[in-house]
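Spelled out from the first residue to the last, the chains are:
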Amino acid sequence: MNPAPARRPLDGITILDLTVMTAGPVGTMLLGDLGADVVKVEEPGRGDEARGFGATKEVLERFGSSPSFLALNRNKRSIALDLKSPAGLDLARRLALSADVLVHNFRPGAMEEWGLGWDDLKEGNPRLIHCGFSAYGEAGPLRDLGANDVALQAHSGLMHLTGEPDRPPVRVGTAGIDLHGSLAMVCAILAALLHRAKTGEGQKVTASLLQSSAHLMSYFYTDWWLARTEHRRMGTANHLTVPNQVFPAADGDVVIIAPSDEMWRRLARALDPATLDRPDFATALDRRSNRAAVIEALSAVTRCMGCDDILARLGAAKVNVARVNSVAQAADHPQLGAI
């Protein structure tokens, strides 16, 4: 006799997913991972635009959708619904009135225009959690401005911090603000579900790319607000500690991070104490004051060693270290499959 399948936290929860592209779909996908029944609404005839993003004809013929769409929309059921038609809006409203959670990432005010806002639905479904995900939030001078992940990287200052000091700013290689914002959206929905479990009441919750980007900027904003310190691009380095960046190896590159004095001593002993165990490198303040000299000395050591040797030595010494992998190396690494 087969054992009963294990229950998941959101088993029995129905989510009406009106989100498109990246920010939003990731969040509803994660809710599906937790057991929710996610019903994704897509445009008739075309579907979510992400279905074709970056895909070749061969990929579309083989898989039916782009890899990016598949990565953002597992654990969902899709239906085609024309929200521009009265019949489509009527069906969307009926689905919302029977759902536990409604999630959308349309521009602020669009759901209200269609009669699908929180105030339009709460009387018929007072237990509904109505979540809106927008670019700049539902108030303020930029509320109606369209934007995506890269736009918020630019607006937030993240792009200003990313890249080499003597080169133009560059985007972060992945949609970090989209993905981070989706996690914030999931937190808001889970908190609302907990509130409903205690009170029986639904509510409206919101999240935005601007809030997500501000959270990612963290102490960079605080440094500006408190001390008027504005940090600049430093490549892979970090202004807080040294070493904390990429270093060359004989057969690739490695990231080495040794923020504490004890970790630095362990690093020096593990790699080359004659070169690295110097009085002017002894403390964190010393290493920050002598940043260029620390980087030059450590680079001279690592450049003559293989990545595997560096990882073995520093790993054994309990120093933070990682190889700079390609996407293929990281995707196929056995550690990823082990978690």
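Residues numbered from 1 in each chain as written. Predicted model: local features only at pLDDT ≥ 70, side-chain atom pairs only at ≥ 80, totals over all residues. Heavy atoms only, no water.

Engineer: Can you help me understand the pairing of strand E7 (residues 244-249) in this one?
Structural biologist: As a general feature of sheets, a regular strand has side chains that alternate between the two faces. Summarising the sheet, E7 and strand E8 (residues 252-257) pair through six bridges and their orientation is antiparallel. Within the sheet, the bridge partner assigned to Ala249 lies in E8 and is Gly252. Here E7 folds back onto E8 in antiparallel fashion, the turn holding two residues. (Pairing = 2+ DSSP bridges. Helix = DSSP H or I, 4+ residues; strand = E, 2+ residues; numbered from the N terminus.)

Engineer: It is not clear to me how the packing of aromatic side chains should be interpreted in this structure. Could you clarify?
Structural biologist: How two aromatic rings sit relative to each other is given by the distance of their centres and the angle of their planes. Applying the stated rule across the entire model yields four aromatic pairs. For the ring pair Phe106 and Trp114, a centre distance of 4.9 Å and an interplane angle of 80° mean the geometry is edge-to-face. For Phe106, a relative accessible area of 22% translates into the label partly exposed. On the basis of relative accessibility, which here comes to 28%, the residue Trp114 falls in the partly exposed class. (Phe/Tyr/Trp six-rings, centres within 6.5 Å; stacked < 30°, edge-to-face > 60°. Buried < 20%, exposed > 50% of the residue type's maximum accessible area, 1.4 Å probe, protein only.)

Engineer: Quick question: what am I supposed to make of the sheet that holds strand E6 (residues 203-208) here?
Structural biologist: In sheet architecture, strand pairing relies on hydrogen bonds along the backbone and comes in two forms, parallel and antiparallel. Taken together, the six strands give an open sheet; going across it, the order is E3-E2-E1-E4-E5-E6, and neighbouring strands pair in parallel fashion. Since the sheet does not close on itself, it has two edges, and those belong to strand E3 (76-80) and E6, each with one partner. In this sheet, adjacent strand axes meet at a mean angle of 20° when their direction is disregarded. Alignment of strand E1 (residues 14-18) against strand E4 (residues 101-104), held across four bridges, turns out to be parallel. Of the residues in E4, the one forming a bridge with Leu18 is His104. (Axes fitted to C-alpha atoms, helices over the stretch in contact; angles between N-to-C directions.)

Engineer: Honestly, the sheet that holds E8 in this entry has me stumped. Any pointers?
Structural biologist: With antiparallel pairing, the three strands of this open sheet are ordered in space as E7-E8-E9. Single-partner strands in this sheet number two, and they are E7 and strand E9 (320-323). Put simply, the sheet's adjacent strands are angled 25° from each other on average, direction ignored. The strands touched by helix H15 (residues 291-302) are E7 and E8; relative to E7, the strand with the most contacts, the crossing angle is about 35°. (Contact = heavy atoms within 4.5 Å.)

Engineer: Looking at this model, I keep getting lost on the environment of Thr236. Mind explaining?
Structural biologist: With respect to the helices and strands, Thr236 occurs in the loop between helix H11 (219-227) and E7. The partly exposed category is assigned to Thr236, whose relative accessible area is 45%. As for Thr236 and Phe247, which are separated by 11 residues in sequence, their C-alpha atoms are 9.4 Å apart. Residues in contact with Thr236, not counting those within four places in the same chain, are Asn244, Gln245 and Val246. A polar side-chain atom of Thr236 sits 3.0 Å from the main-chain amide nitrogen of Val246. (Polar contact = N/O pair within 3.5 Å; in protein donor to acceptor, adjacent residues only side chain to side chain.)

Engineer: Help me understand the nonpolar core in this model?
Structural biologist: In a soluble, globular protein the nonpolar side chains are often hidden away together inside. In this structure, Ile15, Val101 and Ile189 are the most contacted members of the largest nonpolar core, which totals 28 residues. Counting only elements with at least two residues in this core, the list comes to E4, strand E5 (129-134), helix H8 (158-161), helix H9 (176-199), E6 and helix H10 (209-217). It is H9 that contributes the most residues to this core, seven residues altogether. Ranked by size, the runner-up nonpolar core spans 25 residues in total, among them Ala258, Ala297, Leu298 and Val319. (Core = buried A, V, L, I, M, F, W, Y, C linked by side-chain atoms within 4.5 Å.)

Engineer: In this structure, what is going on with a nonpolar patch on the surface? I would like to understand it.
Structural biologist: Together, Val20, Met21 and Phe53 make up a nonpolar patch on the protein surface, roughly 210 Å² of accessible area in all. By secondary structure assignment, the location of Met21 is in the loop between E1 and helix H1 (25-33). (Patch = residues over 30% accessible without salt bridge, like charges linked within 9 Å, V, L, I, M, F, W, Y side chains within 5 Å. Areas by Shrake-Rupley, 256 points an atom, 1.4 Å probe, with all protein chains shown as cover. Salt bridge = Lys/Arg side-chain N within 4 Å of Asp/Glu carboxyl O.)

Engineer: Got a minute to help me understand the side chain of Ser66 in this structure?
Structural biologist: Mapped onto the secondary structure, Ser66 falls in the loop between helix H2 (57-63) and helix H3 (67-72). Polar contacts involving the side chain of Ser66 include one to the main-chain amide nitrogen of Phe69, which spans 3.1 Å. Here Ser66 is in contact with Ala50, Arg51, Gly52, Phe53, Ala55 and Leu60, once residues within four sequence places are set aside.

Engineer: Hey, could you run me through the side chain of His231 in this one?
Structural biologist: When you line up the elements, His231 lands in the loop between H11 and E7. Within the local environment of His231, its side chain forms a polar contact with the side chain of Asp223, the two groups lying 2.7 Å apart. Only 3.3 Å separates the side chain of His231 from the side chain of His239, close enough to count as a polar contact. His231 has contacts with His160, Leu161, Phe220, Asp223 and His239, leaving out every residue within four places of it along the chain.

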